[in-house]
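# Close look at the chain arrangement
Chain residues, written in single-letter form:
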Amino acid sequence: MKKYNFNAGPSILPREVIEATAAACLDFNGIGLSLMEISHRSKDFQPVMDEAEAMMKELLDIPEGYKVLFLGGGASLEFCMIPYNFLEKKAAYLNTGVWSKKAIKEAKLFGEVVEVASSADKNFTYIPKGWTIPTDCDYFHITTNNTIYGTEIREDFDSPIPMIADMSSDILSRPIDVSKYACIYGGAQKNISMAGVTFVIIKEDALGKVSRQIPTMLDYRTHIEKGSMFNTPPVVPVYSALQTMKWVKAQGGVKEMERRALQRAKIVYDEIDRNKLFVGTVEPDARSVMNLCFVMKDEYKELEADFMAFATEKGMVGVKGHRSVGGFRASCYNAMSIEGCEALVACMKEFEKLH
Ligand SMILES: *Cc1c(COP(=O)(O)O)cnc(C)c1O
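The notes below deal with the structure included here. A quick note: this is a predicted structure, and the numbers were derived from the prediction, not measured.

### Let's talk about the pattern of salt bridges
One pass over the full model with this rule turns up 23 salt bridges. Put simply, R260 and E256 hold a salt bridge, and the shortest N to O gap is 2.8 Å. With R260 and E256 both in helix α7 (residues 253–274), this residue pair falls four residues apart, about one helical turn. The salt bridge involving R274 is made with E271; its shortest N-O contact spans 2.8 Å. Remark: E271 and R274 occur in helix α7; sequence separation between them is three residues, near one turn of the helix. Take R274: its relative accessible area is 42%, and that puts it in the partly exposed class. Ionic contacts of the salt-bridge type, sharing partners, join the residues E152, R154, K255 and E258 into one network.

Right, here's the structure in full:
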């Protein structure tokens, strides 16, 4: 039976990317050795790193003055590296869920944190509005896509202070105006690669403004200077990231990724809104096009486990909602097909008929 991968992360990748990565693990570029057993400084691997950086710059139309890094540690290490490198006295954070909270927790180790606004009062089911960015902070931090709650900020705010964004789960899903950010980072395992690599897009002249000593490995300048090769980078995940970026380009770039994301989301949200059994958990204007969250209406709550089993039987993988929301979450990253979304909708319709 065909399986449709709605996992939240690690998550679906284009089949071509998986095949190319698997092939490189067996025999890299026809050199008779695996990608896993050669030096990251070899003439065979260096072009992979160089091309990955160039490809990210091309896809996101990144202006001069920015560097693209591929590091270890995950987005979670960035939660600490950001304040280490940028927070002198005070930083502003928009609190839109679990990942924002984790970022805030780390920042508090380095200085004062101003929570500009929060949607905690309604279990993060909306994106707060009507707030202003304080001008006396070192930077303003946002999480553009809230993977767990299914809310998303799909615009690039104008910020009077350097803006920093965790884009772990929506990078490469729309064009972004990179010039509005001092830094954009994320774990690659949601929309770009397998787990193990973290992307960081960073404005070089935004660095060097804090007075503290920064440990070598946690200082972005180390990695900029060494082109992400200060220590051994996660070579296979970087290779896989490059394959995905090539795939995105071949499909028509991030504009096309956005068109598909909107189309997929419409298919699934329309059904959530139409189907008598289900209801969306997020305010309509804040709905993520990457992670689509829904639950059973109160009067059908007892059917939740049945629907999970039914959907699983039909080949839907990973549609169980995160424990802090419950219900269901269909993660529809770049590689998810329209056909996958239609299969999920067919499954929801069929289940409705049975009840
Ligand atoms: C998954 C996720 C993270 C955590 O990423 P790791 O690479 O596992 O540390 C952080 N932020 C967001 C928005 C995520 O979706």
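Picking up where we left off.
### Looking at the packing of helix α3 (residues 74–86) against helix α4 (residues 98–107)
Where α3 meets α4, the closest approach of the two axes is 8 Å, and the angle between their N-to-C directions is 40°. When the interaxial angle is binned, α3 and α4 end up oblique. The chirality of how α3 crosses α4 is right-handed. In this structure, α3 contributes S76, F79, C80 and P83 to the contact, and α4 contributes W99, K102, A103, E106 and A107. Looking at the contact of α3 with α4 residue by residue, the classes come out as six nonpolar, one polar and two charged.

### Description of the nonpolar core
Grouped together as the largest cluster of nonpolar side chains are 59 residues, with contacts concentrated most on M56, L60, F70, F140, I171, L172 and I201. Examining the composition of this core, we find that nine residues originate from one element, helix α6 (residues 235–251), more than from any other. Mapped onto the domain boundaries, this core takes at least three residues apiece from domain 1 (15–251) and domain 2 (252–354). Among residues more than four places away in sequence, those in contact with L172 are M56, L59, L60, N191, I192, M245, V248, V254, M257 and N334. Counting 35 residues, the second-largest nonpolar core is a separate cluster that includes I272, F307, C332 and A343.

Rules of the game
- Residues numbered from 1 in each chain as written.
- Predicted model: local features only at pLDDT ≥ 70, side-chain atom pairs only at ≥ 80, totals over all residues.
- Heavy atoms only, no water.
- Salt bridge = Lys/Arg side-chain N within 4 Å of Asp/Glu carboxyl O.
- Helix = DSSP H or I, 4+ residues; strand = E, 2+ residues; numbered from the N terminus.
- Buried < 20%, exposed > 50% of the residue type's maximum accessible area, 1.4 Å probe, protein only.
- Axes fitted to C-alpha atoms, helices over the stretch in contact; angles between N-to-C directions.
- Parallel < 35°, antiparallel > 145°, perpendicular 65-115°, else oblique.
- Left-handed = near helix turned anticlockwise from the far one by under 90°.
- Contact = heavy atoms within 4.5 Å.
- Nonpolar A, V, L, I, M, F, W, Y, C, P; charged D, E, K, R; others polar.
- Core = buried A, V, L, I, M, F, W, Y, C linked by side-chain atoms within 4.5 Å.
- Domains from an automatic or database assignment.

Nothing here speaks to function; it is all geometry.
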